[in-house]
Amino acid sequence: HEKKKSLTFVGDVLWKLNRKLSLRGELQHMNTQMDDKAWIYGMLEVGVAPHWMIYVGGMRNYGAENPEHFYNIGASFAHKSLRVSAGYAKNRAGYQCAGGICRSVPGYTGAIASVSYVF
């Protein structure tokens, strides 16, 4: 892997409307002289406690010669150790990292579903 230099800004706000309903917004901006130049990402998420989460998000590389828009929309349900999620997205190929674990994923457009259970 080659090292890449970038300047990144992230903003994340959580607003608890009441005991059961929350709204979270996230906005990110990354600027780099490599790859596709400047990127912006935004996401809105509605939480309905204690089980449901609904989200919509989008990312755009507006600094590139041929800008692309990547989007995602979906929902998840969690109960105890079970989590089920489904959505639709246009996903960029590359590395995705979550919780310190990174994996290479192909680019795709379509539906995605997952089920996880923690023992």
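Source: prediction; values computed, not measured.

To continue, consider the side chain of Ser85. With respect to the helices, strands and loops of the structure, Ser85 is situated in strand S6 (residues 82-91). Ser85 gets classed as buried once you look at its relative accessible area, which sits at 14%. Every residue in contact with Ser85, bar those within four places of it in the chain, is listed here: Ala75, Ser76, Ile112, Ala113 and Ser114.

Structurally, Gly25 is set in strand S2 (residues 21-31). For the pair Gly25 and Val56, spaced 31 residues apart in sequence, the C-alpha separation works out to 9.9 Å. Setting aside anything within four residues of it in sequence, one finds Gly25 in contact with Gly11, Asp12, Val13, Met43 and Leu44.

What follows is about the sheet that holds strand S3 (residues 38-48). Strand pairing in a sheet relies on backbone hydrogen bonds. The paired strands run either parallel or antiparallel. Strand order in the open sheet formed by seven strands is S1-S2-S3-S4-S5-S6-S9, and the pairing between neighbours is antiparallel. Each of the sheet's edge strands pairs with one partner strand only, and the pair in question is strand S1 (7-16) and strand S9 (108-117). Between one strand axis and the next, the sheet turns by 10 degrees as a mean value, whatever way the strands run. Relative to S9, S6 runs antiparallel, the two sharing ten bridges.

Here the focus is the pattern of salt bridges. Note on pairing: side chains with opposite charge can pair once their charged atoms come close. For the structure shown, the criterion picks out four salt bridges. A salt bridge links Asp12 to Arg24, with the nearest nitrogen and oxygen atoms 2.7 Å apart. On the criterion of sequence distance, the pair formed by Asp12 in strand S1 and Arg24 in strand S2 is long-range, its members being twelve residues apart. One continuous salt-bridge network, built from bridges that share partners, spans Asp12, Arg24, Glu26 and Glu45.

Conventions used here
Residues numbered from 1 in each chain as written. Predicted model: local features only at pLDDT ≥ 70, side-chain atom pairs only at ≥ 80, totals over all residues. Heavy atoms only, no water. Helix = DSSP H or I, 4+ residues; strand = E, 2+ residues; numbered from the N terminus. Buried < 20%, exposed > 50% of the residue type's maximum accessible area, 1.4 Å probe, protein only. Contact = heavy atoms within 4.5 Å. Pairing = 2+ DSSP bridges. Axes fitted to C-alpha atoms, helices over the stretch in contact; angles between N-to-C directions. Salt bridge = Lys/Arg side-chain N within 4 Å of Asp/Glu carboxyl O.

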